[in-house]
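# Examination of the molecular architecture
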Amino acid sequence: MTEKRFASLFLVPGGVWLLLLFVTPLVFLLAISFGYTDDLGEAIYSTRLGNYERLVDPDYLPVLFRSVGFAFAAVALCLLIGYPVAYYIAIFGGRWKNVLIALVVLPFFVNYLIRTYAWIAMLGDDGLVNGLLNTDVRFLNTPYAVIGGLVYGFLAFMILPVYAALDRMDPSLIEAGKDLYGGPWQTFRHVTWPHTIQGVLAGSVLVFLPAVGDFVSASLLGGPGEVMVGNLIQQQFQASDNWPFGAALTVAMMAFLMIFMLLYLRAAARETREATA
Amino acid sequence: MSTIESRPPAPTPATVAADAGRARGRPPKGFDRPRFLKLFMGVFFLFLFAPIVLVVLFSFNSSRSLQDFQGFSTRWYETFFDSESLRDSLIASLQIALITMVIATILGTLLAYGLVRARTRVSGGLNMLMLVPLVTPEIVAGASALLLFTQVKLELSLTTIILAHITFSISYVTVVVRARLAQLSREVEDASMDLGATRLQTFRLITLPALWPAVLAAGLLVFALSFDDFVLSFFTTGESPQPLPVRIWTQIRFGVRPTINAIGTFMLVISILSIGLALLLPRLFGRRESGLKVLLGREGA
């Protein structure tokens, strides 16, 4: 048996599993999104476009825009917070590098619900912050709270790829920039930033994708004015029991995110090819 | 550009000094170390850990209050463990995570080997497909899994949760194991075959032992992810027992409750134990590399 044949056998169990339990459900989802619910609430397959027409309904369109807006804001904030953190660890971390990165990653293994809940306890109307400061600020049920929840939830996805890019960069490049009379800002703009742009892009996509589909942050930290597409999908599949419409929302979201997914996948596949070549 | 990079730079006094500085663990000269960056790190870590410290601290509070700490007590842990349904949920969560870990690790490891060594057109496509779950929002995965299970008339239960979890864990294992596999030297395998071992024997006796640290680390990562997962479980769970995160969700919706602090702290300990073990694994195997590097693979995602 040639090595190719032998190794190909190893692809079968995982490949079949992914086809059956990942690809097939997505096909079902696409199919039911053209369906409707009958009088009994049963989802019926069909070829109607009604669910997609409902997406531009004034009830739903703002929700879609809001989701994208919140997710973009979360990406921007993650970059603003995550880049300096990654930079500090990669450049000045020294022998503490691994410890610092582990410290950054650690909180992300605390359950997302618990972490979000901790913010409720801290920022609630009679929460810790208002109690300590003796103020009466309304933090929760605002867009800021929801965006903050997303940032706190997905920040590690930004820091890790940016850190990896900075860590790979040859530090003498920065010195070279300085030797050529570049100021700190110029050196950053012309040397460091271009060298880490791949990491920034990867991090942005990795934050953006889960942020758009999130419903936990908006449910727990937001009010009725902060509903995101994830909340709509969750409602359709559970409380309202309108699966075809929920499926249409999901498919539309996936279609929109596809561009970003492909962007990331192409970069990841290229990197693997280089690494395993 | 590539010719410049491939040649080692001539040791100028500046680089020599920089290397010396690096060797002593100090950052090389010529770097700015703006003080504001240090301050920023302090504020960042405060922001990162304050909520978690709060949860842990108030899980030991003797009163219901989440504002002032009135004394040490374990009453919320007693409430947690005295509740039969919460105990069932904890056991359910552990079962799900364990079974997911075992099956996903096996499937993911085999897939990694196939992807690195087969290199056919099929493996190219599969490589792409394998990466898609990593970037698919969980709600899409949850909703579509729910749809599949109802279509094939599979009753929602722990089994459906496990099936959904495995599907989304395979890729993590494959990414971690593949990175390790790519670093292995092929010569040992070739030598083994020259000495008359079959391909299967070579895989079992040579390749697999070299992969163990990565395989185990990936398994522990999957355990932690599955144990913590909320969205997939939320969509695919049956009536009872429901895994802990789903119970937490229901409780939070009823308002802030001190028991949640105890459950959260307990889950935190389990996650940190499994991740800590994953990070330490390479050392246990006598390798001097960082577990973090093994876990993050080369792809950092």
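Model, not experiment: these values are computed from the prediction.

Calculation rules
Residues numbered from 1 in each chain as written. Chains lettered and ligands numbered in written order. Predicted model: local features only at pLDDT ≥ 70, side-chain atom pairs only at ≥ 80, totals over all residues. Helix = DSSP H or I, 4+ residues; strand = E, 2+ residues; numbered from the N terminus. Buried ≥ 20, exposed ≤ 12 C-beta atoms within 10 Å, placed from the backbone. Contact = placed C-beta atoms within 7 Å. Core = buried A, V, L, I, M, F, W, Y, C linked by C-beta atoms within 7 Å. Nonpolar A, V, L, I, M, F, W, Y, C, P; charged D, E, K, R; others polar. Axes fitted to C-alpha atoms, helices over the stretch in contact; angles between N-to-C directions. Parallel < 35°, antiparallel > 145°, perpendicular 65-115°, else oblique. Left-handed = near helix turned anticlockwise from the far one by under 90°. pLDDT = per-residue confidence, 0-100. Expected span 1.5 Å × (residues − 1). Bend = angle between axes of the 7 residues up to and from the residue.

## Quick notes on the overall build of chain A
Scanning chain A for helices and strands turns up 12 helices and 2 strands. The principal-axis extent of the C-alpha atoms belonging to chain A is close to 75 × 75 × 30 Å. Burial statistics for chain A: of 277 residues in total, 47% are counted as buried. Taking as baseline every contact in chain A between residues at least 6 positions apart, the subset at least 24 positions apart corresponds to 68%.

## Brief notes about the overall build of chain B
If you tally the helices and strands in chain B, you get 14 helices and 0 strands. Scanning chain B from its N terminus toward the C terminus, one meets helices and strands in the order α-α-α-α-α-α-α-α-α-α-α-α-α-α. Here chain B holds 301 residues, and the buried ones make up 45% of them. Sequence-distant contacts in chain B: of pairs separated by 6 or more residues, those separated by 24 or more amount to 71%.

## Some points on the nonpolar core
Counting residues in hydrophobic clusters, the biggest one holds 165 residues, and the most contacted among them are A:A74, A:I159, A:Y163, A:V207, B:V176, B:A218 and B:L221. Looking at which element gives the most residues to this core, the answer is helix α7 (residues 143-168) of chain A, with 18 residues.

## With respect to the interface of chain A and chain B
One widely used convention gives an interface's size as the accessible area the parts lose upon coming together. Of the residues lining the interface, 84 residues belong to chain A; the matching set on chain B comes to 84 residues. For the side of chain A that touches chain B, the element with the most residues is helix α1 (residues 3-32) of chain A, which contributes 20 residues. Per-class residue counts for the side of chain A that touches chain B are 60 nonpolar, 17 polar and 7 charged.

## Points about the packing of helix α5 (residues 112-123) of chain A against α7(A)
Residue and element names in this part refer to chain A. Between α5 and α7, whose axes approach to 10 Å, the crossing angle comes to 140°. The pairing of α5 with α7 is recorded here as oblique in orientation. Seen from above, α5 lies across α7 with right-handed handedness. Between α5, through Y112, R115, T116, W119 and L123, and α7, the contact on the second element is made entirely by A145, G149, Y152 and G153. Here the residues of the contact of α5 with α7 are counted per class, giving 5 nonpolar, 3 polar and 1 charged.

## Some remarks on unusual backbone geometry
B:S240 connects to B:P241 through a cis peptide bond whose omega is 0°. Looking at the secondary structure, you find B:P241 in the loop between α11 (231-236) and α12 (244-253). Despite not being glycine, A:N134 shows a phi value in the positive range, around 55°. As for its placement among the helices and strands, A:N134 is situated in the loop between α6 (128-133) and α7. The backbone of B:R119 shows a phi angle near 50°, a positive value even though the residue is not glycine. For B:R119, the location among the structural elements is in the loop between α5 (84-118) and α6 (121-135). Classification of B:R119 as partly exposed rests on a count of 16 C-beta atoms within 10 Å.

## Brief notes about the packing of α5(B) against helix α10 (residues 199-228) of chain B
Residue and element names in this part refer to chain B. As a packed pair, α5 and α10 sit with axes 8 Å apart at the nearest point and diverge in direction by 145°. For the pair α5 and α10, the crossing hand works out as right-handed. Taking contact as the criterion, the partners of S93, I96, A97, T100, M101, A104, T105, G108 and T109 in α5 are, on α10, L211, V215, A218, G219, V222, F223, S226 and F227. Tallied by class, residues from the contact of α5 with α10 come to 10 nonpolar, 7 polar and no charged.

## Things to note about the confidence of the model for chain B
Close inspection of predicted coordinates is inappropriate in any region flagged by low pLDDT. Residues and elements named next belong to chain B. Averaged over chain B, the pLDDT score is 83; the fraction of residues at 70 or greater is 83%. Ranking the elements of chain B by mean pLDDT puts helix α1 (residues 2-6) last, at 39, and α11 first, at 96. Confidence over residues 1-31 falls short of pLDDT 50; this stretch has 28 contacts with residues more than four positions distant or in other chains. Per the prediction output, this complex has pTM 0.88; the corresponding ipTM is 0.91.

## What to know about helix α3 (residues 61-92) of chain A
In this model α3(A) runs 46 Å from its N-terminal to its C-terminal C-alpha over 32 residues, within 8% of the 46 Å that 1.5 Å per residue would give. At A:G82, α3(A) shows its maximal kink, close to 30°; a proline, A:P84, follows between one and four residues later.

## Some points on α12(B)
Among the residues making up α12(B), those that are buried are B:L244, B:P245, B:V246, B:R247 and B:I248. Phi turns positive, to about 120°, at B:G255, one or two residues after α12(B).

## A closer look at the environment of A:T192
Residues and elements named next belong to chain A. Among the secondary structure elements, T192 is positioned in helix α9 (residues 184-212). Overall, the presence of 20 C-beta atoms within 10 Å leaves T192 in the buried class. For the pair T192 and M169, spaced 23 residues apart in sequence, the C-alpha separation works out to 8.1 Å. Those residues in contact with T192, other than ones at most four positions away along the chain, are I174 and T187.

## Focus: the environment of A:Y36
Residue and element names in this part refer to chain A. Within the secondary structure, Y36 sits in strand β1 (residues 36-37). Of the residues examined, Y36 has 17 C-beta atoms within 10 Å and is grouped as partly exposed. Once the C-alpha coordinates of Y36 and L49 are considered, the two residues, 13 residues apart in sequence, prove to be 9.6 Å apart. Excluding residues within four positions of it along the chain, Y36 makes contact with I44, S46, R48, G50 and P244.

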